[in-house]
Amino acid sequence: MQGATASPKAAWKAQIANSLGLLVVLGVLIGFFTVKADHFLTVQNFSTIANQIPDSAILAIGMTYVLLIGGIDLSVGSVVGVSGSLLGLALLSWHCSLGVAILLCLATGLLMGFLNGFLTVKFALPSFIVTLGMLEAGRGLASTQIVVLYPEGRITRTQELQMLAVPEVATNAHVIAVDGSSGACMLSARCVGGRRRR
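Values in this document were obtained by computation on a predicted structure and should not be read as measured data.

## Let's talk about the overall build of the protein
When you go through the protein residue by residue, the secondary structure sums to six helices and zero strands. Across the 198 residues that make up the protein, the buried fraction comes to 19%. Surface exposure of the protein reaches about 14,000 Å², of which carbon and sulfur atoms provide 71%.

So this is what it looks like as structure tokens:
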């Protein structure tokens, strides 16, 4: 019984030690860049960093579950590229509203992800091969959309995209990222797909 009760405690201690180690490394990095860069500890810099967190966090949540089941997804960057270029296409060429453009982006990402999963599960193909193919296909599709948007090789009418930088949009993205991360942690700790309880 002692061994059974000691094991979870040891696991928690190891997890806390790992977290503290990461915090120490983060503190060292912050100190290093504070000394080396004059504009590191500024509100503008931290605001920029904070605005770059939600999309990476949301992608990391999905990637976590792919890795938990022993898979891998190489096409994440290309899927984001296709969705982003489709956003510009919907706003500038098709003159869609922001909400419709975002729904198109989400639907595109969902479709590409479903295709990856379908090919991997239905035909027992390695996820490495399937997502590598999607990576190349998505990269080509995104490049084609950019050429359609900007045939002369320069970006125009960017003021129409300034709506995406509205603070309320960024705030909602942060809320989604935090809620998604919390839900993912709880789910991975309690469900069969995450840590198995004995």
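## Side note on the packing of aromatic side chains
Evaluated as defined, the whole model comprises five aromatic pairs. Look at Phe118 and Phe123: their rings are 6.0 Å apart centre to centre, the planes differ by 85°, and that puts the pair in the edge-to-face class. In this structure Phe118 comes out as partly exposed when scored by relative accessible area, which is 36%. Each member of the aromatic cluster is reached from another via a ring pair, and the members are Phe32, Phe33, Phe40 and Phe46.

## As for unusual backbone geometry
Phi is positive for His95, close to 55°, though the residue is something other than glycine. In this fold, His95 is placed in the loop between helix H3 (76-93) and helix H4 (98-122). Positive phi outside glycine occurs at Ala124, with the angle close to 55°. With respect to the helices and strands, Ala124 occurs in the loop between H4 and helix H5 (127-149).

## Digging into a nonpolar patch on the surface
Taken together, the side chains of Ile16, Leu20, Leu23, Leu26, Ile30, Leu41, Phe46, Ile49 and Ile53 present a nonpolar region at the surface, about 810 Å² in accessible area. Elements represented by at least two residues in the nonpolar patch include exactly helix H1 (2-36) and helix H2 (43-68). When residues of the nonpolar patch are assigned to their parent elements, the largest contribution, five residues, is made by H1. Mapped onto the elements of the fold, Phe46 is located in helix H2.

Rules used in this analysis
- Residues numbered from 1 in each chain as written.
- Predicted model: local features only at pLDDT ≥ 70, side-chain atom pairs only at ≥ 80, totals over all residues.
- Heavy atoms only, no water.
- Helix = DSSP H or I, 4+ residues; strand = E, 2+ residues; numbered from the N terminus.
- Buried < 20%, exposed > 50% of the residue type's maximum accessible area, 1.4 Å probe, protein only.
- Areas by Shrake-Rupley, 256 points an atom, 1.4 Å probe, with all protein chains shown as cover.
- Phe/Tyr/Trp six-rings, centres within 6.5 Å; stacked < 30°, edge-to-face > 60°.
- Patch = residues over 30% accessible without salt bridge, like charges linked within 9 Å, V, L, I, M, F, W, Y side chains within 5 Å.
- Salt bridge = Lys/Arg side-chain N within 4 Å of Asp/Glu carboxyl O.

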